[in-house]
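Here is what each chain is made of, one letter per residue.
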Amino acid sequence: MKITKANGKSEYALIENLKKRAGQTDEKIVDIVSSIIDGVKKNGDEAVREYTVRFDGTVPHKFVIEKEELNAYLNQVDDKFKIALINAKNNIKDYHLHQLERSWITTRGVGIIMGQQVRGLEKVGIYVPGGTAAYPSSVLMNAIPAKIAGCGEIIMVTPPGKDGKPNPNIMAAAAIAGVSRVFMVGGAQAIAALAYGTEKIPKVDKIVGPGNIYVATAKKLLYGIVDIDMVAGPSEILIVADKTAEPAFLAADLMSQAEHDPLASSILLTTDDGIAKRTLHEIDKQIKTLERQEIIRQSLDNYGEIIVCENLEQAFRFANELSPEHCQLCVAEPLKYVGRVYNAGSVFLGHWAPEPLGDYYAGPNHVLPTSGTARFFSPLGVESFTKKSSYIYYTSSDLRNAKDDIIALAETEGLTAHANSIKVRFEK
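Quick summary incoming for the structure in this document. (Residues numbered from 1 in each chain as written. Predicted model: local features only at pLDDT ≥ 70, side-chain atom pairs only at ≥ 80, totals over all residues. Heavy atoms only, no water.)

1. Examining the sheet that holds strand β12 (residues 305-308)
Part 1 of the reasoning: Judged by pairing direction, the sheet is parallel, and its 6 strands sit side by side in the order β1-β12-β11-β10-β13-β14 without closing on themselves. Looking at strand neighbours, the two that pair on one side only are β1 (2-5) and β14 (346-349), the edges of this open sheet. Within the sheet, the average angular offset between the axes of one strand and its neighbour, ignoring direction, is 20°.
Part 2 of the reasoning: Bridge count for β1 against β12 is 4 bridges, and the pairing is parallel. Of the residues in β12, the one forming a bridge with T4 is I307.
Part 3 of the reasoning: With respect to the sheet, helix α11 (residues 293-303) is in contact with β11 (265-270) and β12, its orientation differing from that of β11 by roughly 55°.
Part 4 of the reasoning: Against the sheet, helix α12 (residues 312-322) makes contact with β10 (236-241), β11, β12 and β13 (326-330), and its axis sits at roughly 170° relative to β10, the strand it touches most. (Pairing = 2+ DSSP bridges. Helix = DSSP H or I, 4+ residues; strand = E, 2+ residues; numbered from the N terminus. Axes fitted to C-alpha atoms, helices over the stretch in contact; angles between N-to-C directions. Contact = heavy atoms within 4.5 Å.)

2. So, the sheet that holds strand β4 (residues 112-120)
Part 1 of the reasoning: Ordered in space as β3-β4-β15, the 3 strands form an open sheet in which the pairing is antiparallel. One side of each edge strand has no neighbouring strand; the edge strands of this open sheet are β3 (104-108) and β15 (386-393). Strand-to-strand twist across the sheet, computed as the mean angle between neighbouring axes with direction ignored, equals 15°.
Part 2 of the reasoning: Bridge count between β4 and β15: 8 bridges; the pairing is antiparallel. Opposite Q116, over in β15, you have S390 as the bridge partner.

3. Considering the pattern of salt bridges
Part 1 of the reasoning: The tally for this structure, following the rule as stated, stands at 16 salt bridges.
Part 2 of the reasoning: Two residues, E153 and R181, come together in a salt bridge whose shortest N-O distance is 2.7 Å. You can see E153 sitting in strand β6 (residues 153-157) and its partner R181 sitting in strand β7 (residues 181-183), a full 28 residues away along the chain. Grouping residues by exposure puts E153 and R181 together as buried. (Salt bridge = Lys/Arg side-chain N within 4 Å of Asp/Glu carboxyl O. Buried < 20%, exposed > 50% of the residue type's maximum accessible area, 1.4 Å probe, protein only.)

4. Considering the side chain of Q328
Part 1 of the reasoning: Here Q328 shows up in strand β13.
Part 2 of the reasoning: Q328 gets classed as buried once you look at its relative accessible area, which sits at 1%.
Part 3 of the reasoning: A distance of 3.0 Å separates the side chain of Q328 from the side chain of D253, its partner in a polar contact.
Part 4 of the reasoning: Among all residues touching Q328, those that are not within four sequence positions of it are I237, L238, I239, V240, D253, F348, A353, P354 and E355. (Polar contact = N/O pair within 3.5 Å; in protein donor to acceptor, adjacent residues only side chain to side chain.)

5. Looking at the side chain of E236
Part 1 of the reasoning: Looking at where E236 falls in the secondary structure, it is placed in strand β10.
Part 2 of the reasoning: Among the polar contacts made by the side chain of E236, one reaches the main-chain amide nitrogen of S371 at a distance of 3.0 Å.

6. Points about the packing of aromatic side chains
Part 1 of the reasoning: One pass over the structure, following the stated rule, counts 6 aromatic pairs.
Part 2 of the reasoning: Relative to F318, the ring of Y12 has its centre 5.3 Å away and its plane inclined at 65°; by these criteria the two rings are edge-to-face. Of this pair, Y12 sits in helix α1 (residues 12-21) while F318 sits in helix α12, and the two are 306 residues apart along the sequence.
Part 3 of the reasoning: Residue classification places F318 among the buried positions, given a relative accessible area of 2%.
Part 4 of the reasoning: Here the aromatic rings of F249 and W352 are separated by 5.2 Å at their centres, their planes lie at 65°, and the arrangement is edge-to-face. One end of the pair, F249, is in helix α9 (residues 247-258); the other, W352, is in the loop between β14 and α14 (355-360), and 103 residues separate them in sequence.
Part 5 of the reasoning: With relative accessibility at 71%, the residue W352 sits in the exposed group. (Phe/Tyr/Trp six-rings, centres within 6.5 Å; stacked < 30°, edge-to-face > 60°.)

7. Some thoughts on the environment of S138
Part 1 of the reasoning: Note that S138 resides in helix α5 (residues 136-149).
Part 2 of the reasoning: A sequence separation of 36 residues divides S138 from A174, and the C-alpha atoms of the two residues are 9.9 Å apart.
Part 3 of the reasoning: Not counting the four nearest positions on each side in its chain, S138 is found in contact with P210 and H366.

8. Brief notes about unusual backbone geometry
Part 1 of the reasoning: Backbone geometry at S323 places phi at a positive 55°, although glycine is not the residue there.
Part 2 of the reasoning: Following the sequence through the fold, S323 ends up in the loop between α12 and β13.
Part 3 of the reasoning: The backbone of S371 sits at a positive phi, close to 55°, despite the residue not being glycine.
Part 4 of the reasoning: Note that S371 resides in the loop between α14 and β15.
Part 5 of the reasoning: According to the relative accessible area criterion, S371 is partly exposed, its value standing at 31%.

9. Concerning the nonpolar core
Part 1 of the reasoning: Counting 41 residues, the largest nonpolar core has V139, L140, M156, V179 and V182 as the members making the most contacts within it.
Part 2 of the reasoning: Ignoring sequence-local partners within four residues, the contact set of V182 consists of F63, V64, I65, L70, M156, T158, M171 and A174.
Part 3 of the reasoning: In this structure, I37, V48, F183 and L194 belong to the second largest nonpolar core, which totals 27 residues. (Core = buried A, V, L, I, M, F, W, Y, C linked by side-chain atoms within 4.5 Å.)

10. Some details on the state of the cysteines
Part 1 of the reasoning: Counted according to the given criterion, the structure contains 0 disulfides.
Part 2 of the reasoning: Cysteine C330 remains unbridged, with the sulfur of C327 as its closest cysteine sulfur at 9.3 Å.
Part 3 of the reasoning: The exposure class of C330 is buried, given its relative accessible area of 4%. (Disulfide = S-S within 2.5 Å.)

11. Here we look at a nonpolar patch on the surface
Part 1 of the reasoning: Taken together, I32, I213 and Y214 make up a surface patch of nonpolar side chains, about 240 Å² in accessible area.
Part 2 of the reasoning: With respect to the helices, strands and loops of the structure, I32 is situated in helix α2 (residues 27-56).
Part 3 of the reasoning: Exposure remark for I32: the relative accessible area of 37% places this residue in the partly exposed category. (Patch = residues over 30% accessible without salt bridge, like charges linked within 9 Å, V, L, I, M, F, W, Y side chains within 5 Å. Areas by Shrake-Rupley, 256 points an atom, 1.4 Å probe, with all protein chains shown as cover.)

12. Brief notes about the packing of α5 against helix α6 (residues 168-177)
Part 1 of the reasoning: Contact geometry for α5 and α6: axes closest at 9 Å, N-to-C directions at 20°. On the basis of their axis angle, the class for α5 and α6 is roughly parallel. Our pair here, α5 against α6, has a crossing hand that is right-handed. Residue-level contacts link P136, V139, L140, A143, I144 and K147 of α5 to N169, I170, A173, A174, I176 and A177 of α6. (Parallel < 35°, antiparallel > 145°, perpendicular 65-115°, else oblique. Left-handed = near helix turned anticlockwise from the far one by under 90°.)

Structural measurements only, silent on function.
What follows is the structure, encoded as structure tokens:
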């Protein structure tokens, strides 16, 4: 992990390097996923079963786990873990309740009524990875906002373990989060099944949740048949630090993100050269005790950097250009600067709000825009699981008052049938 002196040019080369990670998906992967999607569309559950055996090497002991059965898994997990899940759920629920939008109605004069109806989606699908990438916290982050939005049914798909059984920690999280049913299937075939529906797996309106490149590609290819949360890229953290920052904290925070993936990006912007050097020393010291140190080393070597800036103004310019998934402000007065971060998925303020606090516990969602898309995308939330309909009511006299304007607009656009729809009502 190198230290770069910001000069308005060299540090921006890093952004170009990071963009390469989010390049076009390999055509071979697109071909494989397209074939899987086509197979599931044509052959339904038979294809799902075939692909599950081929890719997961097993047939699940039980294909579907109903809501009533999920609670049994709460007795199979560690009590400390169960309590932590419940506490995290309460925090996540409390935060997301503030996002809930209400339907509304308004009037104009005596005879005009307009409004907006906000409804939860009827059915949503949550993808949860298995194996080493099984994250119960993602179950909470995806299911709880859907529950608050009023979704009719929350369907979860997750691949079976090598023994054909579900991951108890994932099932316990599903029980706590209020998932309706769980189907033991993963990969691109699970995404296709949710998008088109099979004899057993219901068709959903939206699919959310992380997955490998095959899952991400399937979501991308099926967008339009079904809505999706986002096409997520590698995880990222950018830390802005002044001289009050603690290098041991900075090193730990950078590595906490780097352990996700060799493609993850961890960047430190600091106004203090001494902080930069001591943070590097702390990385060398702490990494020796971490289980995923090889992944961390690859990530930091290829996509990590410490950039020494002349001042915080320069640091924030770079931060907004990068538009990171996670942005930590390890500065003396973080609330003073929060308004300076225009582009970020989630902002962590101060020395005692590290990124894992948001990943697991505080309440804001950890499903965040990556690869610079925080410039125009938002975190997953309650609104992600709702749809809106407008409605209009006019009396005859109110339409009469508006008819000349409507006819003029329609005829100017050459849509005479539109104009006629108005005219015919007042010909008698």
